[in-house]
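Coordinate inspection notes
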Amino acid sequence: MFRGNMLLRQATRASVTAAVRPATFTAAPVANSTSRAFSKITPKFDKLSAEDPKDDDRHDKFTTSSAHETGHEGSASRTDDSIRYEHPDDESELPSSKPVQGRGRNLRTLASFSLESKVGVVTGGARGLGLVMSQAMVVSGADVAIVDMNKDEGEKQAAALVAEFKRENPGARDIPRVTAHYADVSKPESVTAALNEIIAQHGKIDNLVTSAGFTENFPAVDYPHDRMQKLWGVNVDGTWLFAVGVAKHLMERKANGSIVMIGSMSGAIVNVPQPQAPYNAAKAAVRHMAASLAVEWAHAGIRVNCISPGYMLTALTKKILDDNPELAEKWISLIPQGKMGRPEDLMGAVTFLLSDASGYMTGAELRVDGGYTVT
């Protein structure tokens, strides 16, 4: 096959040269040419087909499956309309989370990873990924304001984080301050009230993690419009409103700061088999919002980065898998590391992006997905 291709190129060059050569020159006789005429070239693949007429169509089955095929073809890469999940309107119906082992401050690491003297805000911080990232900030030395729709749960978790810190750091004098605050992140007036309350209690804000968000599973043609608006309100509007509010505060103080937006690998790929187009689009918006604001606010010393987790085994994810047990096997089969992540897998990532250890990093997306998006 390679010799056939080489002869094709030689024949093409010969014909082009002959076409542009001045008429006063006479072309050499074809019999003396080292190349063969185009029509006489028989590449190996043509020869094989001639010897075996069936060879031409033995692979056709890979290119002729119907778009409406009900068999296995393409099924591993399609969404399944039978998978549905509706996020509860009452936040108290969501499963509670527990602090993990933070390991305290007795292990050595770079000083640039410290969040000492910083005040951080975490939206959606009363459970799941937000709670664990709040704990990462506490362990790293920061005071933290947990923002959540369920203030009671936030207050319970704030106390639990302080208790866990004391248990892991017996005799510590500097006990971090952890407070809980209510906010509907999709409402500007609620966000403003929460930020004012946090500043009144902590004196300032240095860092922000926008972890408030949720997903639902509906086929696009059946997705209730009001629920799609709610999803976008929390995932996109909530991220925007808190980011802008904290940025204004930092600019007024003429202080540097770091904002970490929690996106998702769903902002870069399409999850299967569960249908969730609005969520995927919302997380794509968060991802690019982080990049855009990073450029816009770089002059003010405000860094904006994005963490995009893969499948994380939170309390809420466990509930979804209990209702759809077949999903776990499907998800894991698509993850190169062969396992789902745990919320604590984000502790190092968020600490890195909030701290001076990432001082020259802004507008970046850090994917924590077990390799899912690179396959």
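First, a word on what this report is: a plain description of the structure on this page. All residue numbers here refer to positions counted from 1 along the written sequence of the relevant chain. Given that this is a predicted model, residues contribute local features only at a pLDDT of at least 70 and side-chain atom pairs are listed and counted only at 80 or more, while totals for whole chains, interfaces and linings are drawn from all residues. By convention in this description, side-chain values take in all heavy atoms of the structure and omit both hydrogens and water.

**What about the nonpolar core?**
Here is the rule: Nonpolar cores were defined as sets of buried Ala, Val, Leu, Ile, Met, Phe, Trp, Tyr and Cys residues, with membership established by side-chain atoms within 4.5 Å. Here's how the labels work: a residue is buried when its accessible area is under 20% of the maximum for its type, exposed when over 50%, partly exposed in between, all with a 1.4 Å probe on protein chains only. By definition, any uninterrupted DSSP run of H or I lasting at least four residues is a helix, any uninterrupted run of E lasting at least two residues is a strand, and each is numbered from the N terminus. Contacts are assigned to residue pairs that have any heavy atoms within 4.5 Å of one another.
Counting 38 residues, the largest nonpolar core has Val121, Phe242, Ile259, Met261, Trp297 and Val304 as its most contacted members. When residues in this core are grouped by element, the largest group, 9 residues, is from helix H6 (residues 225-253). The contacts of Phe242, once residues within four sequence positions are left out, are Val121, Thr123, Val147, Ala183, Val185, Val191, Ala194, Leu195, Leu208 and Thr210. In terms of nonpolar packing, the next biggest core, distinct from the first, is built from 30 residues, Leu131, Met137, Ala158 and Val260 among them.

**Concerning unusual backbone geometry**
Backbone geometry follows two general trends: most residues other than glycine have a negative phi, and most peptide bonds adopt the trans configuration. With an omega of 10 degrees, the peptide bond between Val272 and Pro273 qualifies as cis. Looking at the element boundaries, Pro273 is found in the loop between strand E5 (257-262) and helix H7 (277-297). The backbone of Ser117 shows a phi angle near 70 degrees, a positive value even though the residue is not glycine. Within the secondary structure, Ser117 sits in the loop between helix H2 (44-51) and strand E1 (119-123). The exposed category is assigned to Ser117, whose relative accessible area is 56%. Backbone geometry places Lys254, a non-glycine residue, at a positive phi of 55 degrees. According to the relative accessible area criterion, Lys254 is exposed, its value standing at 76%.

**Observations concerning the environment of Glu155**
On the secondary structure map, Glu155 appears in helix H4 (residues 151-168). Residue classification places Glu155 among the partly exposed positions, given a relative accessible area of 42%.

**Describing the pairing of strand E4 (residues 207-210)**
This is how it is decided: Each pair of strands is called paired provided DSSP finds at least two bridges between the two strands. When the strands point away from the viewer and the connection leading from the first strand across the helix to the second strand turns clockwise, the crossover is called right-handed.
Residues of E4 alternate between two faces, with Asn207 and Val209 on one and Leu208 and Thr210 on the opposite face, all of them buried. For E4 and E5, the ladder comprises 4 bridges, and the chain directions are parallel. Bridge pairing in E5 links Asn207 to Ser258. Between the parallel pair E4 and E5, the chain is carried across by H6, and the sense of this crossover is right-handed.

**Some points on the environment of Ala142**
Within the secondary structure, Ala142 sits in the loop between helix H3 (128-139) and strand E2 (143-148). Judged by relative accessible area, Ala142 falls into the buried class, the value being 0%. Ala142 sits 65 residues away from Asn207 along the chain, and the two C-alpha atoms are 9.4 Å apart. Excluding residues that lie within four positions of it along the chain, Ala142 makes contacts with Leu115, Lys118, Met137 and Pro176.

**What to know about H4**
The test is simple: What a helix is expected to span follows from its residue count: subtract one and scale by 1.5 Å. The arc in question is the one spanned by the directions pointing from the helix axis to the C-beta atoms.
Here H4 spans 26 Å end to end across 18 residues, near enough to the 26 Å set by a 1.5 Å rise per residue. For H4, the full list of buried residues reads Glu153, Gly154, Gln157, Ala158, Leu161, Val162, Glu164, Phe165 and Glu168. One side of H4 carries all its buried residues, which in axial view fall inside an arc of 165 degrees. Set apart from the buried face of H4 by more than 90 degrees, the exposed residues are Asp152 and Arg167.

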